[in-house]
Amino acid sequence: MSREPLLPALLFWAALALLPLAAPSWLTGQLAQHLCYGLLAMSLAYLWGQGGLLSFCQALFFGVGAYAYALVGLGKLPLLPASPLLGLGLALLLPTLLALALGLLLVTARVPTGPAWAVLTLVLGVIGERLAVASPFLGGSNGLAGLPPLALPLPGGAFELLDPVPTFLVLLGVTAAVQLGLALKIASPAGSLLRAVREDALRAAHLGIDPVAVRLRAFALAAALAGLGGGLFAAQFGFVAPPLLGLGLSTEALVWVAVGGRGSPLAALAGALLVKTVEGLLGEWLGAGWPLALGLLLLLVVLLFPQGVFGGLLARLARPVRP
Amino acid sequence: MPVDPVLLLDALAQALTLFLVASGLAVTFGLVGVINLAHGELLLAGAYTALAVERAGLGYWAGLALAPLVVGLLGFLLDLLVIRRLRERPLDTLLATWAAALVVRQTVVALFGPASHTIQPPIPGSVVLLGAPYPVHRLLVMGLALLVAALLAWLLFATRLGLMIRGAIADRTLAAVSGLAVRRLEALAFAFGAGLAGLAGAATAPLLSVDPQMGLGFLLPAFLAVLVAPGGGPAGTAIGAALVGGGESLVAAFASPVLAQLAVLAGAVVLLRRVAGRRAGRER
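Everything numeric here is computed off the predicted structure, so don't read it as measured data.

Here we come to the overall build of chain A. Each helix and strand counted, chain A has 13 helices and four strands in total. In terms of C-alpha radius of gyration, chain A reaches 19 Å, essentially the compact-globule figure of 20 Å for 323 residues. Across its three principal axes, chain A shows a C-alpha extent of roughly 55 × 45 × 45 Å. Counting over 323 residues, chain A shows a buried share of 54%. Pairs at least 24 apart in sequence give 78% of the contacts found in chain A among residues at least 6 apart. Total accessible area computed for chain A in this model is approximately 13,300 Å², and 71% of it derives from carbon and sulfur atoms. Charged side chains in chain A number 15 positive and 10 negative. The centres of these two groups are separated by 14 Å.

Shown next as structure tokens:
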């Protein structure tokens, strides 16, 4: 899908913005956290759906963002003051730089973007998690706790995001801005270039497009968005640990995106919210059966609904009246 | 510095064990062209089959014999229900086999619990080899790996079935129009590769702690071994397994295990990048 229909997105965000009026505050707080996962889902949908780059390590960038926020928030980095806002900035910057470095290793013209690329991302995810577990500076397998919440510098003094409703509204604003920005990006010439490279890199190269640069940009953008999600998650959760960048979360993100729809970031975001909400409702009841249900869900969606549940709906809405 | 001969023996054991695991993967990757991310979980299923058979009081050998059959059947079902339906969508195959892996792993957790189990080796104790005691079962696994290598070489290069399989690997379409039942061959190869994974799981189970995560631990090294292997045959797989498995155990002995894993993974990324580039160049 090249163009995201605007109306469903606006309706979606309006409905979500009104939710705190009706929902209990614990649900609002939970949804605020799920919006961070939504950022991760959107970044993966952009990379995979638009760029054709299936990544098994997208949570690596989410986790690096979370750790960046934690390190700055706790003042563990030299030369940087302990500042949550600065931490959030680093949560954007560090994953982007990491993606550029890894991208030079991976996204070169010589590595085909098919299965071998996906296996390489799997390896990178495992390396990242092992490094985090082995590093005493990052708190090893215990992670880092006691992170400060995000503080907004308002005219009347800094406003700490502790209560669920303001946190949710700020998160909603950020996520909506990212979603609308991605929709514009997808509809722009840059989006067309990315899809052209996805469809046939060799042909795109013959038309004067540099496939390496296009893929590298997509990889870096997706990493930045995932990192932003990670930083915001750490700010709310107050705690980071190696599972945040591991294979488990990367796999979960794939489930959200596959269930929602890889073709559209909005559909992927809705998939994340849906799966996480169902997990909140049924997870305790199913217990150890939940990961099993998640695996079966992914299997069924891949086999039966390759466009995803919401992706199929959106594609129907976006279809022009006259072909 | 004199090198401890036991160390070299350990490296050899590691490489041969990895060969046992990777050979099944090489069969499915070579013939069916599918990167099966559920391969580690097929190994897991083999180990737990051995565990279940031993608990049923039938002993270890019955489990070792039964594991390839049970897991071969599992692989046959996986091919029939999942992989067959996604022929035209290779990336989705990856995703679907990953999902299947999750399903198998969590089924094992549901049936046997998340804790780790141990299986006693059938012949306990050790023999003195190169001046040091060495566990018998490890030698047994090494022998089994060599047996599998010989069997694979015989099957591929000395039988009519092997000729057909090599034909299908070389050119699937040409083999199909020449009258080979390529789909049936693929189903057979997939079940056979899964059976090898099951055998590897049951064989290595007494050497390791049997827990739901053991498949994942083997999946990546086995993949790297297959992907860096020169050529698709058993000989190539053996070289890949020697590079990855032997390298890892040697670095682990001289430095630290964590560093060894990282070094092997990083080395494989670099190597793989070159191999993948070469393959892409050949396809063009």
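Moving on, we get to the nonpolar core. Counting 178 residues, the largest nonpolar core has A:Phe56, A:Val240, A:Trp256, B:Leu37 and B:Leu95 as the members making the most contacts within it. Beyond its immediate stretch of four places on either side in the chain, B:Leu37 contacts A:Phe56, A:Leu122, B:Leu94, B:Thr97, B:Trp98, B:Ala101, B:Leu219 and B:Phe223. Ranked by size, the runner-up nonpolar core spans five residues in total, among them B:Leu42, B:Ala45, B:Val71 and B:Ala194.

Glancing now at the pattern of salt bridges. Overall, the coordinates contain eight salt bridges over all chains when judged by the stated rule. With its nearest N and O atoms 3.0 Å apart, the salt bridge here joins A:Glu199 to A:Arg198. You can call A:Glu199 exposed: its relative accessible area is 58%. Of the charged contacts, one joins B:Arg84 and B:Glu186 as a salt bridge, the two residues approaching to 3.7 Å between their closest N and O atoms. Placement of B:Arg84 in the loop between α3 (59–81) and α4 (90–112) and of B:Glu186 in helix α8 (residues 182–204) is noted, with a sequence separation of 102 residues between them. On the basis of relative accessibility, which here comes to 23%, the residue B:Arg84 falls in the partly exposed class. Residues participating in the shared-partner salt-bridge network are B:Asp79, B:Arg84, B:Arg172 and B:Glu186.

Next up on the list: the interface of chain B and chain A. Frequently, the measure chosen for interface size is the accessible area removed from exposure when the parts meet. Between chain B and chain A, the residue contacts involve 36 residues of the former and 40 residues of the latter. When chain B packs against chain A, the two sides together hide about 3,500 Å² of surface, and 82% of this comes from carbon and sulfur. On inspection of chain B and its partner chain A, the count reaches one salt bridge. A:Arg262 is the salt-bridge partner of B:Asp92, the closest N and O atoms lying 3.1 Å from each other. Summed over the shared surface of chain B and chain A, the result is two residue pairs in polar contact (both at pLDDT 80 or more). Counting residues per element, the ones that place at least two in the side of chain B that touches chain A are α4, α9 (214–228) and α11 (257–283) of chain B. It is α4(B) that provides the largest number of residues to the side of chain B that touches chain A, a total of 13 residues. Looking at the side of chain B that touches chain A, its residues break down into 27 nonpolar, four polar and five charged.

As a further point, take the pairing of strand β1 (residues 126–129) of chain B. Residues and elements named next belong to chain B. With four bridges joining them, β1 and strand β2 (residues 132–135) adopt antiparallel strand pairing. Bridge pairing in β2 links Ser126 to Pro135. In this structure, the hairpin formed by β1 and β2 is closed by a connection of two residues, where Leu130 is found at a positive phi of approximately 55 degrees.

All names here are of chain A. With 27 residues, helix α9 (residues 211–237) should cover 39 Å at 1.5 Å per step; its first-to-last C-alpha distance of 38 Å lies within 8% of that length. Counted residue by residue, α9 has 21 buried out of 27 residues, so it is predominantly covered. Looking at where α9 begins, the residue whose side-chain oxygen comes 3.2 Å from the main-chain nitrogen of Val212 is Asp210. With its phi angle positive at about 75 degrees, Gly238 sits one or two positions after the end of α9.

Residue and element names in this part refer to chain B. Taken together, the side chains of Leu73, Phe76, Leu77, Leu80 and Leu81 make up a nonpolar region of the molecular surface, amounting to roughly 450 Å² of accessible area. Positionally, Leu77 belongs in helix α3. Under the relative-accessibility criterion, Leu77 is labelled partly exposed at 38%.

All names here are of chain A. Using the criterion set out here, one finds 11 aromatic pairs over all chains in the structure. An angle of 90 degrees between the planes, with centres 5.6 Å apart, marks the rings of Phe61 and Phe219 as edge-to-face. Highlighted residues: Phe61 in helix α3 (residues 58–73) and Phe219 in helix α9, separated in sequence by 158 residues. The pair formed by Phe61 and Phe219 is uniform in burial state, with each residue classed as buried. Between Phe62 and Phe233, the aromatic rings sit 5.8 Å apart at their centres with planes inclined by 50 degrees, giving tilted as the arrangement. You can see Phe62 sitting in helix α3 and its partner Phe233 sitting in helix α9, a full 171 residues away along the chain. For the residue pair Phe62 and Phe233, the accessibility class agrees, reading buried in each case. Clustering of aromatic rings is evident, with ring pairs tying together Tyr37, Phe62, Phe233, Phe237, Phe239 and Trp256. In this arrangement the basic side chain of Lys76 is found over the ring face of Phe137, its NZ or CZ atom lying 5.1 Å from the centre.

Criteria and thresholds
- Residues numbered from 1 in each chain as written.
- Chains lettered and ligands numbered in written order.
- Predicted model: local features only at pLDDT ≥ 70, side-chain atom pairs only at ≥ 80, totals over all residues.
- Heavy atoms only, no water.
- Helix = DSSP H or I, 4+ residues; strand = E, 2+ residues; numbered from the N terminus.
- Rg over C-alpha atoms; globule rule 2.2 N^0.38 Å.
- Buried < 20%, exposed > 50% of the residue type's maximum accessible area, 1.4 Å probe, protein only.
- Contact = heavy atoms within 4.5 Å.
- Areas by Shrake-Rupley, 256 points an atom, 1.4 Å probe, with all protein chains shown as cover.
- Lys, Arg positive; Asp, Glu negative; His and termini not counted.
- Charge placed at Lys NZ, Arg CZ, Asp CG, Glu CD.
- Core = buried A, V, L, I, M, F, W, Y, C linked by side-chain atoms within 4.5 Å.
- Salt bridge = Lys/Arg side-chain N within 4 Å of Asp/Glu carboxyl O.
- Buried area = accessible area lost by both parts, 1.4 Å probe.
- Polar contact = N/O pair within 3.5 Å; in protein donor to acceptor, adjacent residues only side chain to side chain.
- Nonpolar A, V, L, I, M, F, W, Y, C, P; charged D, E, K, R; others polar.
- Pairing = 2+ DSSP bridges.
- Expected span 1.5 Å × (residues − 1).
- Patch = residues over 30% accessible without salt bridge, like charges linked within 9 Å, V, L, I, M, F, W, Y side chains within 5 Å.
- Phe/Tyr/Trp six-rings, centres within 6.5 Å; stacked < 30°, edge-to-face > 60°.
- Lys NZ or Arg CZ within 6 Å of the ring centre and 35° of its normal.

Bear in mind that shape data such as this cannot, by itself, settle questions of function.
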